[in-house]
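# An overview of the molecular structure
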Amino acid sequence: DKPAPGRGPPPPPAMATGYRTSWHSAAKGGKDAGEMADKKSKSKTVDNKSKSKGGDSPQTGKMPSKLEMDKAKYAHGVRTANDEGMPPGEALDRLKAGNARFMKGEADALASTFDADQRRALAEFGQNPMASIVGCADSRAPLELIVDAVPGDLFVLRNAGNTLSNAEGSVVGSLEFSVNALGVRLIVFVGHTKCGALKGASQAMLDKQQNP
């Protein structure tokens, strides 16, 4: 894969060592019949406005899903090499928002269909990931799912303990490829709690110190 034509050498990628997200649940409305009827009336009003202004989803009156926004944002309905590179700040914000949706059980990627047109676009026009992520191979920490991403969004690298064992290793080389060839501008290292690989490595070091 090559960066989009006309895109110059990418600037050094921003580095992030992980993140936490927080959110506030929406206040629940009243339950009496009058308030419920008022809600339905407001919902119809929002729905009508969305049809004329193109803001919310015309079908539901709700904010459009991630996939709906991506289809409108990108040239082929999914991130490909024909789209502009994404600034690192925007990419990190999208990852945080996706993680928040996942934590609330509202992940768009899991509930939506990634269709055949999008798969063909990725195959035909090439990839253009918005970020590279290094994470652990632990089965409880699937990186694409925990940030609510779809194919084409991320360049993912995983191994036990999300480690970089040496400067010439495949993980480092893959990161260099994502930056130099794909134009990635954000690299994120994602750790997780109760990592067996790190626990084992730490215990081996402690045992060696106690029994040199």
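Conventions we followed
- Residues numbered from 1 in each chain as written.
- Predicted model: local features only at pLDDT ≥ 70, side-chain atom pairs only at ≥ 80, totals over all residues.
- Heavy atoms only, no water.
- Helix = DSSP H or I, 4+ residues; strand = E, 2+ residues; numbered from the N terminus.
- Contact = heavy atoms within 4.5 Å.
- Areas by Shrake-Rupley, 256 points an atom, 1.4 Å probe, with all protein chains shown as cover.
- Buried < 20%, exposed > 50% of the residue type's maximum accessible area, 1.4 Å probe, protein only.
- Arc of directions from axis to C-beta.
- Salt bridge = Lys/Arg side-chain N within 4 Å of Asp/Glu carboxyl O.
- Polar contact = N/O pair within 3.5 Å; in protein donor to acceptor, adjacent residues only side chain to side chain.
- Phe/Tyr/Trp six-rings, centres within 6.5 Å; stacked < 30°, edge-to-face > 60°.
- Core = buried A, V, L, I, M, F, W, Y, C linked by side-chain atoms within 4.5 Å.
- Disulfide = S-S within 2.5 Å.
- Pairing = 2+ DSSP bridges.

Bringing the overall build of the protein into the picture now. For the protein, the helix and strand inventory stands at eight helices and four strands. Put simply, the protein runs from its N terminus to its C terminus through helices and strands in the order β-α-α-α-α-α-β-α-β-α-β-α. Across the protein, the fraction of contacts at a sequence separation of at least 24, relative to all contacts at a separation of at least 6, is 69%. About 13200 Å² of surface is accessible on the protein, with carbon and sulfur atoms providing 55% of the total.

Those residues of helix H7 (residues 170–180) not exposed but buried are Val171, Val172, Leu175, Ser178 and Val179. An end-on view of H7 places all buried positions within 120° of arc, on one side of the element. Of the exposed residues in H7, the ones pointing more than 90 degrees away from its buried face are Ser170 and Asn180. Of the surrounding secondary structure, the elements contacted by the buried residues of H7 are strand E2 (131–136), strand E3 (154–159) and strand E4 (186–190).

Next up on the list: the pattern of salt bridges. Counted under the stated rule, the structure contains four salt bridges. The shortest N-O distance in the salt bridge between aspartate 117 and arginine 120 comes to 2.4 Å. You can see aspartate 117 and its partner arginine 120 sitting in helix H5 (residues 116–125), three residues apart, about one turn around the helix. In this structure aspartate 117 comes out as exposed when scored by relative accessible area, which is 51%. Residues arginine 140 and aspartate 138 are paired through a salt bridge, measuring 2.7 Å at the closest nitrogen-oxygen approach. With relative accessibility at 58%, the residue arginine 140 sits in the exposed group. You can call aspartate 138 buried: its relative accessible area is 14%.

On to helix H2 (residues 66–73). Each α-helix winds once per 3.6 residues, and so residues spaced three or four apart point in a common direction. By the burial criterion, the buried members of H2 are Lys66, Leu67 and Asp70. When H2 is viewed along its axis, its buried side chains cluster within an angular range of 90° and face the same direction.

This part covers the environment of aspartate 148. Structurally, aspartate 148 can be placed in the loop between helix H6 (143–146) and E3. Residue classification places aspartate 148 among the buried residues on the basis of a relative accessible area of 1%. The spacing of aspartate 148 and glycine 98 is 50 residues in sequence and 4.7 Å in space, taken between C-alpha atoms. One polar contact links aspartate 148 to arginine 101, side chain to side chain, over a distance of 2.6 Å.

Moving on: the packing of aromatic side chains. Throughout the structure, instances matching the rule amount to one aromatic pair. Here phenylalanine 155 and phenylalanine 177 contribute two aromatic rings whose centre-to-centre distance is 6.1 Å and whose plane-to-plane angle is 45°, an arrangement assigned as tilted. Remark: phenylalanine 177 occurs in helix H7 and phenylalanine 155 occurs in strand E3; sequence separation between them is 22 residues. According to the relative accessible area criterion, phenylalanine 155 is buried, its value standing at 15%. On the accessibility criterion, phenylalanine 177 (36% relative accessible area) is partly exposed.

Moving on, we get to the nonpolar core. In terms of nonpolar packing, the biggest core is built from 16 residues, with Leu95, Met130, Ile133, Leu154, Leu186 and Val188 touching the most fellow members. Looking at this core, the elements that each hand over two or more residues are helix H3 (88–103), E2, H6 and E4. Discounting chain neighbours no more than four positions away, the residues touching isoleucine 133 are Leu95, Leu143, Leu154, Phe155, Val156, Leu157, Val188 and Val190. Counting ten residues, the second largest nonpolar core, distinct from the first, contains Val134, Leu157, Val171 and Val179.

With that settled, consider the state of the cysteines. In this structure the tally under the stated criterion is zero disulfides. Cysteine 195 supplies the cysteine sulfur nearest to cysteine 136, a cysteine that is in no disulfide, at a spacing of 3.9 Å.

Another aspect to go through is the pairing of E4. Among the five residues of E4, five are classified as buried, and the element is accordingly described as predominantly covered. Side-chain alternation along E4 places Leu186, Val188 and Val190 on one buried face and Ile187 and Phe189 on a second face that is also buried. Where E2 meets E4, four bridges bridge the pair, whose relative direction is parallel. Within the sheet, the bridge partner assigned to serine 132 lies in E4 and is isoleucine 187.

Purely geometric stuff here, so don't read any function into it on its own.
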